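Here is how the chains run, residue by residue.
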Amino acid sequence: MSTPVDTTTDIRAFRIDIADEQIDDLRRRIAATRWPSKELVADRTQGVQLATTKELARYWTEDYDFGRIEARLNALPQFTTEIDGVNIHFIHVRSPHDDAMPLIMTHGWPGSVIELLDTVGPLTDPTTHGGVAEDAFHLVVPSMPGYGLSNEPTDLGWDVGRVAQAWAELMRRLGYTRYVAQGGDVGAAVTDVMGRQAPEGLLGIHLNVLVRVLGVPLRTESDEERAAQAQLDTFSASGSGYFLEMATRPQTIGYALLDSPVALAAWMLDHDTDGYYKIAGAFVDGKPTGNLTRDNILDNITLYWLAGTGASAARSYWEDYSPQAPNLNGQALAAVAASGQAPPEVSVPVGFTTFPGEVWASPRSWVEQSYPSLTYFNKVDRGGHFAAWEEPELFSEEVRAAFRSLRA
């Protein structure tokens, strides 16, 4: 589905090309879906609701413009480069402002570079979005290995630590000797590890989800802390089904994700309660929340389908959380947890933004516990787990604010 247009250098220009046959096959598979009966409850406690999935499938085949992905991605400078045996796809947009700060930003699951596209303008050219030139970034947005348009790894060991090392190499290859990093969801785990690895040139990191909370004793003295703990308990008890499946049996779910577009869509929607109801509202009620529109959501799902990355993206969870995974975040992580040893501290300045609809809305005390080098914290009034996607302008302003002190 994609064709490199230049193979003469280590970094190659790239454009996505989607064949009509791929779209025809997608429509045929959606039409052939064997639908389950309606759930027996009035909410999402049994999973993604039938009305949501049917309306998504209808819109996908009847109203969705399949040319959107090519147009949106090919409007930006895209490249590929091989790092540690894997061909990595990335978007690289240089700011029109020469003194811009280089920033590498990492998506998560069930996201892709699609969820970050609407932040490109505000971050690279803030003067056209109500900001100032001094806040501009040269922006690098890579696709995680096994996600989107990056190739999937063919060997074990691609945990977030290895991805973090690959990102440091990517920035070195691009000639950036001083840069910052940002991430949410899995991207937050990658960015967290970058902060702990402290590669040469990394000035600081910004996160919008606290990733080191499971199995960690956290303060529950204030109402805010107790509310966050309740959210975390709910996730562990009834919201982590997708997480456990991908962390333990990614190959099993992979068969459905590669064979059925509707199964893929339902799996990707079943992430968190706040995000699910916002997405369901966009399809069933025609009321999108921020930029979580039907078209934007389907851009992301369609990219997963056409690239065939359902199984390979799921395997990234196995690499990081399965005791059988042969790397620091798998087998060795269990040993570290059992020994009571703490991971290396983040030595660079840390910025953090809590969005109210996050799976657990982390209070400042929790963030300070994880990151003693915290230099920026803010709790905003809107946005959820997919903050960059849902509220790109607000998200971009938080990124700008987090790194202002590092620009001197």
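Given the structure is predicted, the values throughout are model-derived calculations rather than measurements.

Participant: Before we move on, could you go through the overall build of the chain and cite the residues and values that matter?
Facilitator: Regarding its fold elements, the chain presents 17 helices and 10 strands. Relative to the compact-globule value of 22 Å for 408 residues, the chain shows a C-alpha radius of gyration of 20 Å, a close match. For the chain, the spread of C-alpha atoms along the three principal axes comes to 55 × 55 × 45 Å. Counting the 408 residues in the chain, one finds 57% classified as buried.

Participant: Tell me what's going on with the environment of T191, and back it up with residues and numbers.
Facilitator: Note that T191 resides in helix α6 (residues 186-197). Residue classification places T191 among the buried residues on the basis of a relative accessible area of 0%. A sequence separation of 168 residues divides T191 from I23, and the C-alpha atoms of the two residues are 35 Å apart. Polar contacts involving the side chain of T191 include one to the main-chain carbonyl oxygen of Q182, which spans 3.3 Å.

Participant: Explain the pairing of strand β6 (residues 137-142) residue by residue, including any values.
Facilitator: When you tally the buried positions in β6, you get six out of six residues, the bulk of the element. The alternating pattern of β6 places F137, L139 and V141 and H138, V140 and P142 on opposite faces, both of which are buried. Relative to β6, strand β4 (residues 86-93) is paired through four bridges, and the arrangement is antiparallel. Its bridge partner lying in β6, I91 is registered against V141. Of the pairings in the sheet, the one linking strand β5 (residues 101-106) to β6 comprises four bridges and is parallel in character. Note on β6: the bridge partner recorded for L103 is L139.

Participant: With reference to specific residues and values, describe the nonpolar core.
Facilitator: In this structure, W60, W109 and I301 are the most contacted members of the largest nonpolar core, which totals 117 residues. Ranked by the residues each element gives to this core, the list is headed by helix α5 (residues 160-173), at eight residues. Once residues lying within four places of it in the same chain are set aside, the contact partners of W109 are Y147, D185, V186, Y242, M246, W267, M268, H271, Y304, A313 and Y317.

Participant: An account of the pairing of strand β7 (residues 179-183) is requested, with residue identities and associated values reported.
Facilitator: Most of β7 sits out of view: five of its five residues are buried. Judged from the four bridges that link them, β5 and β7 form a sheet pairing that is parallel. Counted as the bridge partner of L103 is V180 from β7. In the sheet, β7 pairs with strand β8 (residues 202-207) via five bridges, with the strands oriented parallel. Paired with G183 across the bridge in β8 is L207.

Participant: Explain the environment of S312 to me, and be specific about the residues and the numbers.
Facilitator: Mapping S312 onto the fold places it in helix α13 (residues 310-321). Put simply, S312 and Q229 are 83 residues apart on the chain and 31 Å apart in space, counted from C-alpha to C-alpha. Those residues within four positions of S312 in sequence are excluded, and the remaining contacts are G146 and E152.

Participant: Outline the pattern of salt bridges, listing residues and values.
Facilitator: Enumeration according to the criterion identifies 30 salt bridges in this entry. For E225, the salt bridge identified is with R219, shortest N-O distance 3.4 Å. For R219, a relative accessible area of 41% corresponds to the partly exposed category. Among the ionic contacts, a cluster of salt bridges with common partners joins D25, R28, R29 and D259.

Participant: Describe the environment of D274, and please don't skip the residues or the numbers.
Facilitator: When you line up the elements, D274 lands in helix α11 (residues 273-285). Put simply, D274 and L156 are 118 residues apart on the chain and 34 Å apart in space, counted from C-alpha to C-alpha. Leave out the neighbours within four places in its chain, and D274 touches G357 and G384. Of note is the side chain of D274, whose polar atom sits 2.8 Å from the side chain of K278.

Participant: Describe the packing of helix α2 (residues 50-62) against α11, naming the residues involved and giving the relevant values.
Facilitator: Packing of α2 against α11 leaves a shortest axis separation of 9 Å and a crossing angle of 55°. Judged by the inter-axis angle, α2 sits oblique to α11. Once α2 is placed against α11, the crossing between them reads as left-handed. Residues A51, T52, E55, L56 and Y59 of α2 pack against Y276, A280, F283 and V284 of α11.

Conventions used here
Residues numbered from 1 in each chain as written. Predicted model: local features only at pLDDT ≥ 70, side-chain atom pairs only at ≥ 80, totals over all residues. Heavy atoms only, no water. Helix = DSSP H or I, 4+ residues; strand = E, 2+ residues; numbered from the N terminus. Rg over C-alpha atoms; globule rule 2.2 N^0.38 Å. Buried < 20%, exposed > 50% of the residue type's maximum accessible area, 1.4 Å probe, protein only. Polar contact = N/O pair within 3.5 Å; in protein donor to acceptor, adjacent residues only side chain to side chain. Pairing = 2+ DSSP bridges. Core = buried A, V, L, I, M, F, W, Y, C linked by side-chain atoms within 4.5 Å. Contact = heavy atoms within 4.5 Å. Salt bridge = Lys/Arg side-chain N within 4 Å of Asp/Glu carboxyl O. Axes fitted to C-alpha atoms, helices over the stretch in contact; angles between N-to-C directions. Parallel < 35°, antiparallel > 145°, perpendicular 65-115°, else oblique. Left-handed = near helix turned anticlockwise from the far one by under 90°.

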